[in-house]
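Chain by chain, the residues run as shown.
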Amino acid sequence: MCVLAGAGTGKTRAITHRIAYAVHSGTHQPQRMLALTFTARAAGELRTRLRGLGVQGVQARTFHSAALRQLHYFWPQAVGGAAPEVSTSKAPLVAEAASRLRLRFDRTTLRDLAAEIEWAKVNLLTPQSYAATAGAARREPPGVDLTGMARLLEAYDEVKQARGVIDFEDVLLLTVAILADRDDIARAVRGQYRHFVVDEYQDVNLLQQRLLDLWLGERQDVTVVGDPAQTIYSFTGASARHLLEFPRRHTGAKVVRLV
């Protein structure tokens, strides 16, 4: 189901009541449901509203929180040992990567370069594929040309590996890789979560969509809610096209408009 909802039409109310009805009617088991959104605050709001509707046991998480939980749980089985530590900031890693290339940038430029790295990663680009795609998208990274940015991406990955850390996008990328490579782990996750709800779906990016597809597998039990006019993360790669093209990707999907 795809719910297209304008501002002030009650998106969160609609999906929390839908979840509550599914649980109270016995259609869905709460522990088999995963509600996804984009900020910890929004996830907390979902949990608070569900408690107010008498619903316990439904997981309401951000994409990163849900993925990180799975990464920690399955890493020993998939890779061995403990999962790498997640770096809280890209800027020091970007600065070290730039230093390896004999480049120096001020703090503002480092922040903007970190944002460009995030854009590249959520669009599933590698140092080898970055320049062509970024050129087509008319990207203009600060302080370097597209080839230089590709080299910086490569150096950034080397710095992370040397330090034994990952960044927030790696949490999603590594979870995607494990689910894609290990059918047994993918089956375990799909056995745990059978019903998915995504709030603010207009803010999903290509990497998050890939992860959602792997969580779903061949199933169709997913409800998305969003407003294509309210995309606020387009600078990091979010695109309302995932919301608008949902009925085309999911044959037989019902579309509801809240106006």
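Residues numbered from 1 in each chain as written. Predicted model: local features only at pLDDT ≥ 70, side-chain atom pairs only at ≥ 80, totals over all residues. Heavy atoms only, no water.

**Here we look at the side chain of Thr16**
Okay, so step 1: Mapped onto the elements of the fold, Thr16 is located in helix 1 (residues 11-24).
Okay, so step 2: For Thr16, the side chain forms a polar contact with the main-chain oxygen of Thr12, separated by 2.8 Å.
Okay, so step 3: Excluding residues that lie within four positions of it along the chain, Thr16 makes contacts with Leu46, Arg49, Leu50 and Leu53. (Helix = DSSP H or I, 4+ residues; strand = E, 2+ residues; numbered from the N terminus. Polar contact = N/O pair within 3.5 Å; in protein donor to acceptor, adjacent residues only side chain to side chain. Contact = heavy atoms within 4.5 Å.)

**Looking at the sheet that holds strand 7 (residues 222-226)**
Okay, so step 1: Judged by pairing direction, the sheet is parallel, and its six strands sit side by side in the order 3-2-6-7-1-8 without closing on themselves. The sheet terminates laterally at strand 3 (59-62) and strand 8 (255-258), the two strands that pair on one side only. Going across the sheet, the axis of each strand differs from the next one's by a mean of 15 degrees, ignoring polarity.
Okay, so step 2: Pairing between strand 6 (residues 195-198) and strand 7: three bridges, direction parallel. In the strand pairing of strand 7, Phe196 is matched with Val222.
Okay, so step 3: This element, helix 1, spans strand 1 (2-5), strand 2 (33-37), strand 6, strand 7 and strand 8 of the sheet and lies at about 160 degrees to strand 7. (Pairing = 2+ DSSP bridges. Axes fitted to C-alpha atoms, helices over the stretch in contact; angles between N-to-C directions.)

**Details of the nonpolar core**
Okay, so step 1: In this structure, Leu36, Phe63, Phe196, Leu212 and Trp215 are the most contacted members of the largest nonpolar core, which totals 38 residues.
Okay, so step 2: Looking at this core, the elements that each hand over two or more residues are strand 1, strand 2, helix 3 (63-78), helix 8 (168-181), helix 9 (183-192), strand 6, helix 10 (206-216) and strand 7.
Okay, so step 3: The contact partners of Phe196, leaving out residues within four places of it in the chain, are Leu34, Leu36, Leu212, Trp215, Leu216, Arg219, Asp221, Val222 and Thr223.
Okay, so step 4: Grouped together as the second largest cluster of nonpolar side chains are 22 residues, Val94, Leu125, Tyr156 and Val165 included. (Core = buried A, V, L, I, M, F, W, Y, C linked by side-chain atoms within 4.5 Å. Buried < 20%, exposed > 50% of the residue type's maximum accessible area, 1.4 Å probe, protein only.)

**Concerning the packing of aromatic side chains**
For any two aromatic rings, the description comes down to two numbers: the centre-to-centre distance and the angle of the planes.
Okay, so step 1: Scanning all chains against the criterion turns up six aromatic pairs.
Okay, so step 2: Consider the rings of Phe63 and Trp215, whose centres lie 6.2 Å apart with planes at 15 degrees: the pair is stacked. Of this pair, Phe63 sits in helix 3 while Trp215 sits in helix 10; the two residues are 152 residues apart in sequence, bridging distant segments of the chain. Per residue, the accessibility class of Phe63 equals that of Trp215, and both read buried. (Phe/Tyr/Trp six-rings, centres within 6.5 Å; stacked < 30°, edge-to-face > 60°.)

**Quick notes on the pairing of strand 2**
Within a regular beta strand, the side chains point alternately toward one face of the sheet and then the other, so they alternate between its two faces.
Okay, so step 1: Burial analysis of strand 2 places five of its five residues in the buried class, which makes it a mostly covered element.
Okay, so step 2: The pairing of strand 2 with strand 6 spans four bridges and is classified as parallel. Paired with Leu34 across the strands is Phe196, a residue of strand 6.
Okay, so step 3: The pairing of strand 2 with strand 3 spans four bridges and is classified as parallel. Note on strand 3: the bridge partner recorded for Leu36 is Arg61.

**So, the packing of helix 4 (residues 91-100) against helix 5 (residues 107-122)**
Okay, so step 1: In the contact formed by helix 4 and helix 5, the axes pass within 9 Å of each other and the chain directions differ by 95 degrees. For the element pair helix 4 / helix 5, the angle class is roughly perpendicular. Between helix 4 and helix 5, the residues in contact are Ala91, Val94 and Ala95 and Leu110, Leu113, Ala114 and Ile117, respectively. (Parallel < 35°, antiparallel > 145°, perpendicular 65-115°, else oblique.)

**Section: the pairing of strand 7**
Okay, so step 1: Extensive coverage of strand 7 is indicated by the burial of five of its five residues.
Okay, so step 2: Of the two faces of strand 7, both are covered, the one formed by Val222, Val224 and Gly226 as well as the one formed by Thr223 and Val225.
Okay, so step 3: Sheet analysis places strand 1 next to strand 7, joined by three bridges and oriented parallel. The partner of Val3 across the bridge, within strand 7, is Val225.
Okay, so step 4: One crossover worth recording links strand 6 to the parallel strand 7 by way of helix 10, and it is right-handed. (Right-handed = clockwise from strand over helix to strand, strands pointing away.)

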